[in-house]
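Here's the letter readout for the chains.
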Amino acid sequence: PEPGNHTLMTEFVLSGLSNHPELQNLLFSTFCFIYITTVVGNLLIFVVTVHPSLHMPMYFFLRVLSFLDISTASIVVPRMLVNFLSEDRSISYVGCATQLYCVVFLAATEWYLLAAMAYDRYVAICNPLRYAITMNSRVCLSLVLLSCCSGNVVSVVQTAWVFTLPFCGPRRINYFFCDIPPLIMLSCTDTSSYEKQIVAATVLVIVTPFGLILVSYTCIISSILKISSAEGRRKTFSTCSSHLVVVTLYCGSGTLIYLRPKSSNLQDTKKVLALIYTAIIPSLNPLIYSLRNKEVKEVLIRMMAETMNK
């Protein structure tokens, strides 16, 4: 369309995850199960890590991570489930902007939080004698607040930029939620300068924290190799490797989506990648971060036993 020939959008239509009617019920059942697992698993971790015996910075960060994971999944998945069974897949202009703001805010905040968690593990393993002083409650709260404030700034800027673009028909978003890449593809104007700032934001929000995480884990692995006990090395490496696996998955999916925001031939691939960070990873985090942790399992068993004895 010509730059001047654009219409005022009052709503968008989400095409959804798949256009094959025969798959809708199967997809609904699958992602309904994943969503329930996400909510129950993260709520369980949230409740368990409040226990007095787990009053440590690592578990404070895990509680915040659980909250972010539940929130991210709840912003995206229920709407996707409704669209699997409904013919009306429309979403209002304001609703779309709100969903985009929430998703970007939660994702950016989680990235900064993951960097803070990596720093926490670095101090715990590389400077254990100073751990209690360095990672005191004030520092931990400050890191979380800084993550939230940074995520909010990124989200406000990105959402404002996207929704000041002129949109023109069709109003169909080839995605299962309102995200930056499919939205800018509906714009009538040249978005090359905006695409460059998305790349810059990706570097700031994803690549930079990932680099800091890699530096932290390089130091951690170096310290692990100095541990004389084979069992000690195994236990420490197991704890850290799970964190690194999640971060790598998260980084890979986010980077591939946003470094080439207007690549139309990757739309189906981007849908799968978006599923990883909005639905799959939030469901796996409780298992990877906490339920494999001996201390968490012991507290969970103790709490279940106390509940059954009442």
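Residues numbered from 1 in each chain as written. Predicted model: local features only at pLDDT ≥ 70, side-chain atom pairs only at ≥ 80, totals over all residues. Heavy atoms only, no water.

Caption draft 1: Main features of the environment of glycine 151. Locating glycine 151 in the fold gives a position in helix 5 (residues 137–162). In sequence terms glycine 151 and phenylalanine 105 are 46 residues apart; their C-alpha atoms lie 4.8 Å from each other. With residues up to four places along the chain from it excluded, the contact list for glycine 151 reads Phe105, Ala108, Thr109 and Tyr112. (Helix = DSSP H or I, 4+ residues; strand = E, 2+ residues; numbered from the N terminus. Contact = heavy atoms within 4.5 Å.)

Caption draft 2: Looking closely at the state of the cysteines. Within this structure, the stated rule accounts for one disulfide. Free cysteine cysteine 126: the closest other cysteine sulfur is in cysteine 219, separated by 5.7 Å. (Disulfide = S-S within 2.5 Å.)

Caption draft 3: The sheet that holds strand 1 (residues 11–14), seen in detail. With mixed pairing, the three strands of this open sheet are ordered in space as 2-1-3. The sheet is open, and its two edges are formed by strand 2 (90–92) and strand 3 (172–173), each paired on a single side. By the bridge criterion, three bridges tie strand 1 to strand 2 in an arrangement that is antiparallel. From the neighbouring strand, phenylalanine 12 faces strand 2, where its bridge partner is isoleucine 91. Of the strands in this sheet, strand 1, strand 2 and strand 3 touch helix 3 (residues 93–126), which is tilted by about 85° from strand 2. (Pairing = 2+ DSSP bridges. Axes fitted to C-alpha atoms, helices over the stretch in contact; angles between N-to-C directions.)

Caption draft 4: Spatial organisation of the packing of helix 3 against helix 5. Running from N to C, helix 3 and helix 5 cross one another at 145°; their axes reach a closest spacing of 7 Å. For the element pair helix 3 and helix 5, the recorded crossing hand is right-handed. (Left-handed = near helix turned anticlockwise from the far one by under 90°.)

Caption draft 5: Spatial organisation of the pattern of salt bridges. Per the counting criterion, the structure on display carries two salt bridges. Linking glutamate 11 and arginine 171 is a salt bridge whose minimum nitrogen-to-oxygen distance equals 2.8 Å. Taken together, the positions of glutamate 11 in strand 1 and arginine 171 in the loop between helix 5 and strand 3 put the pair 160 residues apart, joining distant regions of the chain. Between aspartate 120 and arginine 121 there is a salt bridge, and its shortest N-O distance comes to 3.0 Å. In terms of burial, aspartate 120 and arginine 121 fall into one category: buried. (Salt bridge = Lys/Arg side-chain N within 4 Å of Asp/Glu carboxyl O. Buried < 20%, exposed > 50% of the residue type's maximum accessible area, 1.4 Å probe, protein only.)

It is worth stressing that arrangement in space is one thing and function is another; only the former is reported here.
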